[in-house]
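Chain by chain, the residues run as shown.
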Amino acid sequence: EAGVAQSPRYKIIEKRQSVAFWCNPISGHATLYWYQQILGQGPKLLIQFQNNGVVDDSQLPKDRFSAERLKGVDSTLKIQPAKLEDSAVYLCASSLGDFFEQYFGPGTRLTVT
Amino acid sequence: QQPVQSPQAVILREGEDAVINCSSSKALYSVHWYRQKHGEAPVFLMILLKGGEQKGHDKISASFNEKKQQSSLYLTASQLSYSGTYFCGTGKNTGNQFYFGTGTSLTVIP
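Because the structure is a prediction, the values reported are computed rather than measured.

## Describing the overall build of chain A
The helix and strand tally for chain A stands at zero helices and eleven strands. Its helices and strands taken in sequence order, chain A reads β-β-β-β-β-β-β-β-β-β-β from the N to the C terminus. Against the globule reference of 13 Å for 113 residues, chain A gives a C-alpha radius of gyration of 13 Å, in line with a compact fold. Overall size of chain A, expressed as C-alpha extent along the three principal axes, is 35 × 25 × 25 Å. By the burial criterion, 45% of the 113 residues in chain A qualify as buried. In the structure as shown, chain A presents an accessible area of about 5,500 Å², 51% of it carried by carbon and sulfur atoms. Positive and negative side-chain charges of chain A, numbering 12 and 11 respectively, have mean locations separated by a distance of 8 Å.

## Overview of the side chain of Ser24(B)
All names here are of chain B. Position of Ser-24 relative to the elements: it lies in the loop between strand E3 (18-23) and strand E4 (30-36). Given the relative accessible area of 9%, Ser-24 is considered buried. Here Lys-26 takes part through its backbone oxygen, which lies 2.9 Å from a polar atom of the side chain of Ser-24.

## Structural notes on the interface of chain B and chain A
Of the residues lining the interface, 20 residues belong to chain B; the matching set on chain A comes to 19 residues. When the two sides are added together, the surface that chain B and chain A hide from each other amounts to roughly 1,600 Å², 57% of it contributed by carbon and sulfur. Put simply, chain B and chain A have zero salt bridges between them. Joining chain B to chain A, the criterion identifies two residue pairs in polar contact (both at pLDDT 80 or more). When contributions to the side of chain B that touches chain A are tallied by element, the ones reaching two or more residues are E4, strand E5 (43-48) and strand E10 (99-100) of chain B. For the side of chain B that touches chain A, the element with the most residues is E4(B), which contributes four residues.

## Comments concerning the sheet that holds strand E8 (residues 75-79) of chain A
Residues and elements named next belong to chain A. What the four strands build is an open sheet, ordered E1-E3-E8-E7; its pairing is antiparallel. This sheet does not close on itself; its edge strands, each paired only once, are strand E1 (5-7) and strand E7 (65-68). Each strand axis lies, on average, 15° off the axis of its neighbour in the sheet, ignoring direction. Alignment of E7 against E8, held across four bridges, turns out to be antiparallel. Paired with Ser-66 across the bridge in E8 is Lys-78.

## Description of the nonpolar core
Formed by 21 residues in total, the largest nonpolar core has its most connected members in Phe21(A), Trp34(A), Leu77(A), Ile79(A), Tyr90(A) and Leu110(A). Of all the secondary structure elements, the ones that give two or more residues to this core are strand E3 (19-24), strand E4 (31-37), strand E5 (44-50), E8, strand E9 (88-95) and strand E11 (108-112) of chain A. Setting aside residues up to four positions removed in sequence, Tyr90(A) forms contacts with Gln6(A), Phe21(A), Tyr35(A), Gln36(A), Leu46(A), Phe65(A), Leu77(A), Ile79(A), Gly107(A), Thr108(A) and Leu110(A). By size, the runner-up hydrophobic cluster in this structure holds 20 residues, among which are Ala18(B), Trp33(B), Tyr82(B) and Val108(B).

## Thoughts on the environment of Ser18(A)
All names here are of chain A. Note that Ser-18 resides in the loop between strand E2 (10-13) and E3. A relative accessible area of 45% places Ser-18 in the partly exposed class. In sequence terms Ser-18 and Ala-82 are 64 residues apart; their C-alpha atoms lie 5.9 Å from each other. Setting aside anything within four residues of it in sequence, one finds Ser-18 in contact with Ile-13, Ile-79 and Gln-80.

## With respect to a nonpolar patch on the surface
Judged by side-chain polarity, Leu96(A), Phe99(A), Phe100(A), Tyr29(B) and Leu49(B) come together as a nonpolar surface patch covering roughly 440 Å² of accessible area. Mapped onto the elements of the fold, Phe99(A) is located in the loop between E9 and strand E10 (103-104).

## Topic: the pattern of salt bridges
All names here are of chain A. Inspection of every chain in the model, using the stated rule, returns two salt bridges over all chains. The shortest N-O distance in the salt bridge between Asp-86 and Arg-64 comes to 2.5 Å. Of this pair, Asp-86 sits in the loop between E8 and E9 while Arg-64 sits in the loop between strand E6 (53-56) and E7, and the two are 22 residues apart along the sequence. As far as burial versus exposure is concerned, Asp-86 and Arg-64 are alike and both buried.

So, how was this worked out
Residue numbers here run from 1 along each chain, matching the order of that chain's written sequence. Throughout, the order in which chains and ligands are written sets their labels, letters from A for the former and numbers from 1 for the latter. Selection of residues for local features in this predicted model requires a pLDDT of at least 70, selection of side-chain atom pairs for listing and counting requires 80 or more, and totals for whole chains, interfaces and linings are taken over all residues. Hydrogens and waters are ignored; side-chain quantities use all the structure's heavy atoms. Starting at the N terminus, helices and strands are each numbered in turn, a helix being any DSSP run of H or I of at least four residues and a strand any DSSP run of E of at least two. We take the radius of gyration over the C-alpha atoms and set the globule estimate at 2.2 Å times the residue count to the 0.38 power. Type-normalised accessible area, obtained with a 1.4 Å probe on protein chains alone, sets the label of each residue: buried when under 20%, exposed when over 50%, and partly exposed for intermediate values. Each accessible area is a Shrake-Rupley result for a 1.4 Å probe, and residues are judged covered by the shown protein chains and nothing else. The convention is simple: Lys and Arg are positive, Asp and Glu are negative, and His and the chain ends are not counted. To locate a charge, the coordinates of NZ of Lys, CZ of Arg, CG of Asp or CD of Glu are taken. The term polar contact refers here to a pair of N or O atoms within 3.5 Å; inside protein, the definition further demands a hydrogen-donor-capable atom paired with an acceptor-capable atom, and it admits residues adjacent in sequence only when both atoms are side-chain atoms. We call two residues in contact when some of their heavy atoms are within 4.5 Å. We define buried area as the total accessible area lost by two parts upon association, computed with a 1.4 Å probe and summed across both. Here, a salt bridge means any side-chain nitrogen of Lys or Arg that lies within 4 Å of a carboxyl oxygen of Asp or Glu. When DSSP finds two or more bridges between two strands, those strands count as paired. Axes here refer to lines fitted to C-alpha atoms; in helices the fit is confined to the stretch in contact. Angles between the N-to-C directions go from 0 to 180 degrees. As used in this record, nonpolar core signifies buried Ala, Val, Leu, Ile, Met, Phe, Trp, Tyr and Cys residues forming a set joined through side-chain atoms within 4.5 Å. Exposure above 30% relative accessible area and the absence of a salt bridge qualify a residue for a patch, where like charges join within 9 Å and nonpolar side chains (Val, Leu, Ile, Met, Phe, Trp, Tyr) within 5 Å.

Below is the structure:
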């Protein structure tokens, strides 16, 4: 079974530029999560989708971050404009549902200079 | 709202035991445990859905005290491969607002 795929793996941008990350979850997983993990900290949930609907985006900085999950499968996370403090690893995870284990992708390491 | 884990860090010799605690100020309905090795993504260990539930596989087990809003992860006869950062994750009854804990760095030395 294929795991969660993410791209790109690494990205370096200057502040005020925009960036987009892509995630392809495990086939059949209805729930998709985007996390931000700053070095030395635990993952912080940014947004959770159930199929193509948002069930929780309370910690998403909506003035600069946006995410969508078209057709309930792939998802993209966008940052526009980026700030220095956005430097982090962005993890995508998927699961069968709320109370099931989450499977994580390899992450995208973003550096904002 | 983020669960607090203790200890923050622990160093063990192979074969020793460890306990990692996870405490929440909010009511818990589920507790997940994950291990993350340096430079890698978190890997699922186990999930507890009911107060009083205990689970385990191999030499890693966990308990969930719903009343105390706490969960503990037990590692017995630790192996070098157990090294990494352990995170608990807690969810509300609807599964929304999932929070990872503060993390516990565990290092096993020969």
